[in-house]
Amino acid sequence: KIISHKHILVNKKPINIASYQVKKGDVISLKEKAIVKPGFKNLSITLKNYTPASWLQLDVAKLEGKVSGEPNLEESAPPADLLSIFEFYSK
């Protein structure tokens, strides 16, 4: 519902597509009206203890993040051995 209600902004434009793909340089933030909603009220407290991925920059005071790079496979820590999966399905 957060996405469909356009509470999330990418580069100051509302996004209502859950599968929207951000790219390097994009800034993700919240609408001002959304910040007072129950789901976001304690967000700044939660984010103070959050360590973002190396490819994200987080500004807790502004409640916004910036995509500063691209995720790598090691950092995403997939729950399975991808090489084994590829080998299995290539047969």
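Residues numbered from 1 in each chain as written. Predicted model: local features only at pLDDT ≥ 70, side-chain atom pairs only at ≥ 80, totals over all residues. Heavy atoms only, no water.

Draft legend 1. Looking closely at the overall build of the protein chain. Scanning the protein chain from terminus to terminus reveals four helices and five strands. Counting helices and strands in the order they occur from the N terminus, the protein chain gives β-β-β-α-α-β-β-α-α. Scaling as 2.2 N^0.38, a compact globule of 91 residues should have a C-alpha radius of gyration of about 12 Å, whereas the protein chain reaches 16 Å, well beyond that. Overall, the protein chain is about 55 × 25 × 25 Å in size when its C-alpha atoms are taken along their principal axes. Relative to its full complement of 91 residues, the protein chain shows a buried share of 16%. A sequence separation of at least 24 residues applies to 30% of the contacts in the protein chain between residues at least 6 apart. About 7,400 Å² of surface is accessible on the protein chain, with carbon and sulfur atoms providing 57% of the total. (Helix = DSSP H or I, 4+ residues; strand = E, 2+ residues; numbered from the N terminus. Rg over C-alpha atoms; globule rule 2.2 N^0.38 Å. Buried < 20%, exposed > 50% of the residue type's maximum accessible area, 1.4 Å probe, protein only. Contact = heavy atoms within 4.5 Å. Areas by Shrake-Rupley, 256 points an atom, 1.4 Å probe, with all protein chains shown as cover.)

Draft legend 2. Examining a positive patch on the surface more closely. Side chains of Lys6, Lys31, Lys33 and Lys37 sit close together on the surface and give a patch of like positive charge. In this structure, lysine 31 sits in the loop between β3 (27–30) and α1 (32–35). (Patch = residues over 30% accessible without salt bridge, like charges linked within 9 Å, V, L, I, M, F, W, Y side chains within 5 Å. Salt bridge = Lys/Arg side-chain N within 4 Å of Asp/Glu carboxyl O. Lys, Arg positive; Asp, Glu negative; His and termini not counted. Charge placed at Lys NZ, Arg CZ, Asp CG, Glu CD.)

Draft legend 3. Expanded view of the pairing of strand β5 (residues 64–67). Residue alternation in β5 divides its side chains into a buried set, Gly65 and Val67, and an unburied set, Glu64 and Lys66. Examined bridge by bridge, strand β4 (residues 56–59) and β5 share four bridges and lie antiparallel to one another. The residue bridging aspartate 59 from the neighbouring strand is glutamate 64, located in β5. (Pairing = 2+ DSSP bridges.)

Draft legend 4. Representation of the pattern of salt bridges. Per the stated rule, a full pass over the model turns up one salt bridge. Linking lysine 23 and aspartate 26 is a salt bridge whose minimum nitrogen-to-oxygen distance equals 3.9 Å. A relative accessible area of 53% means that lysine 23 is categorised as exposed.

Draft legend 5. Quick look at the sheet that holds β4. Read across the open sheet, the five strands follow the order β2-β1-β3-β5-β4; overall the sheet is antiparallel. Two strands bound the open sheet, and with one partner strand each, they are β2 (13–14) and β4. Where strand β1 (residues 8–10) meets β2, two bridges bridge the pair, whose relative direction is antiparallel. Residue leucine 9 lies in a different strand from β2, and its bridge partner there is proline 14.

Draft legend 6. Up close: a nonpolar patch on the surface. Taken together, the side chains of Leu73, Leu82, Leu83, Ile85, Phe86, Phe88 and Tyr89 make up a nonpolar region of the molecular surface, amounting to roughly 790 Å² of accessible area. Tracing the sequence through the fold places leucine 82 in helix α4 (residues 82–89). We classify leucine 82 as partly exposed; its relative accessible area is 30%.

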